[in-house]
Amino acid sequence: MSRKLLSSMAYQAIKERIAAMPSGSYLSARQCALELGISYTPVREAFLRLQKEGVLRQVPNVGFFIQNVDLTDIFQLFQVRECVELFALDKVFAKLAEKHMDQMRRLCGEQEEARRAGDSYRYTELDAAFHRISLEQLGNRPLLGLYDNTRARYQIISGQLLPLIDEDVQREHREFVQAVERRDLALARQSLQLHIQGMKRRIIDSYVSDRLT
């Protein structure tokens, strides 16, 4: 197996591990390599990739730690999401075809399965794929890179998200898809914006509540 493939496998495995750990936790590259049963080098490459994405921070002579996420980070992450996703939707709405709607519907169904199974990491990955569809059609690689880095940071708190996901969130996704099916840009835009803003409120309320208890 090539080192590139091993590095990609390590990257996915470490991301999933991070999703289940509190922010600020220490991660050992050597311990991860041992537990994954692969050599140190591809794991180290995965760690450096996550550091570049802002998920991990390296302390010299100590090691890697999961980045802390505070209220400012949450506000900024959702500001990026709202700006980028609405911009992409405006630009590509006329290009969204039946195959894209089929993809959205499939992802909605898979998200519901992940929610019922209690799999927060998979739910967050599926959610990213759902919201990425318009961006993929836009074809702006720098913008897509910004979005992917934002979602990577979002992954830090993904383990805390699933309790906040209920039928209302799933309904918001379905309403967005229905607006796209009706070719109603104004309604689709409104649905998407309200969904993003609603998730921001849920996460902030949960963040504040956790620190008051």
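Residues numbered from 1 in each chain as written. Predicted model: local features only at pLDDT ≥ 70, side-chain atom pairs only at ≥ 80, totals over all residues. Heavy atoms only, no water.

**Side note on the pattern of salt bridges**
If you walk through the whole model with that rule in mind, you get 18 salt bridges. In this structure, Glu110 and Arg106 form a salt bridge, with 3.2 Å as the shortest nitrogen-oxygen distance. One end of the pair, Glu110, and the other, Arg106, are both in helix α5 (residues 98-117), 4 residues apart, so they sit about a helical turn from each other. Assessed through its relative accessible area of 42%, Arg106 is described here as partly exposed. Across the salt bridge formed by Glu110 and Arg122, the nearest N and O atoms sit 3.4 Å from each other. (Salt bridge = Lys/Arg side-chain N within 4 Å of Asp/Glu carboxyl O. Helix = DSSP H or I, 4+ residues; strand = E, 2+ residues; numbered from the N terminus. Buried < 20%, exposed > 50% of the residue type's maximum accessible area, 1.4 Å probe, protein only.)

**Thoughts on the sheet that holds strand β1 (residues 26-27)**
Pairing in this open sheet of 3 strands is antiparallel, and the strands run β1-β3-β2 from one edge to the other. Strands with a single pairing partner mark the edges of an open sheet, and in this sheet they are β1 and β2 (56-59). Where β1 lies against strand β3 (residues 63-66), 2 bridges are found, and the strand directions are antiparallel. Considered in β3, the bridge of Leu27 is made with Phe64. Taken strand by strand, helix α3 (residues 40-52) contacts β1, β2 and β3, and its axis lies near 110° from that of β2. (Pairing = 2+ DSSP bridges. Contact = heavy atoms within 4.5 Å. Axes fitted to C-alpha atoms, helices over the stretch in contact; angles between N-to-C directions.)

**As for the nonpolar core**
Of all hydrophobic cores here, the largest spans 48 residues; its most connected members are Ile14 and Phe47. Tallying contributions element by element places helix α9 (residues 185-212) first for this core, with 6 residues. Setting aside residues up to four positions removed in sequence, Phe47 forms contacts with Ile14, Leu27, Ser28, Ala29, Cys32, Leu56 and Phe64. Core analysis: the second largest hydrophobic core is formed by 6 residues, Val84, Leu135, Leu143 and Leu144 among them. (Core = buried A, V, L, I, M, F, W, Y, C linked by side-chain atoms within 4.5 Å.)

**A short note on the confidence of the model for the chain**
The predicted model of the chain averages 88 in pLDDT, with 92% of residues at 70 or higher. Across the chain, the secondary-structure element scoring lowest on mean pLDDT is α9, at 84, and the one scoring highest is α5, at 94. (pLDDT = per-residue confidence, 0-100.)

**Topic: the side chain of Ser25**
Its place among the elements puts Ser25 in the loop between α1 (3-19) and β1. Residue class for Ser25 comes out buried when judged on its relative accessible area of 15%. Reaching out from Ser25, the side chain makes a polar contact with the backbone oxygen of Pro22 at a distance of 2.7 Å. When residues no more than four places from it in sequence are discounted, the contact partners of Ser25 are Phe64, Phe65 and Ile66. (Polar contact = N/O pair within 3.5 Å; in protein donor to acceptor, adjacent residues only side chain to side chain.)

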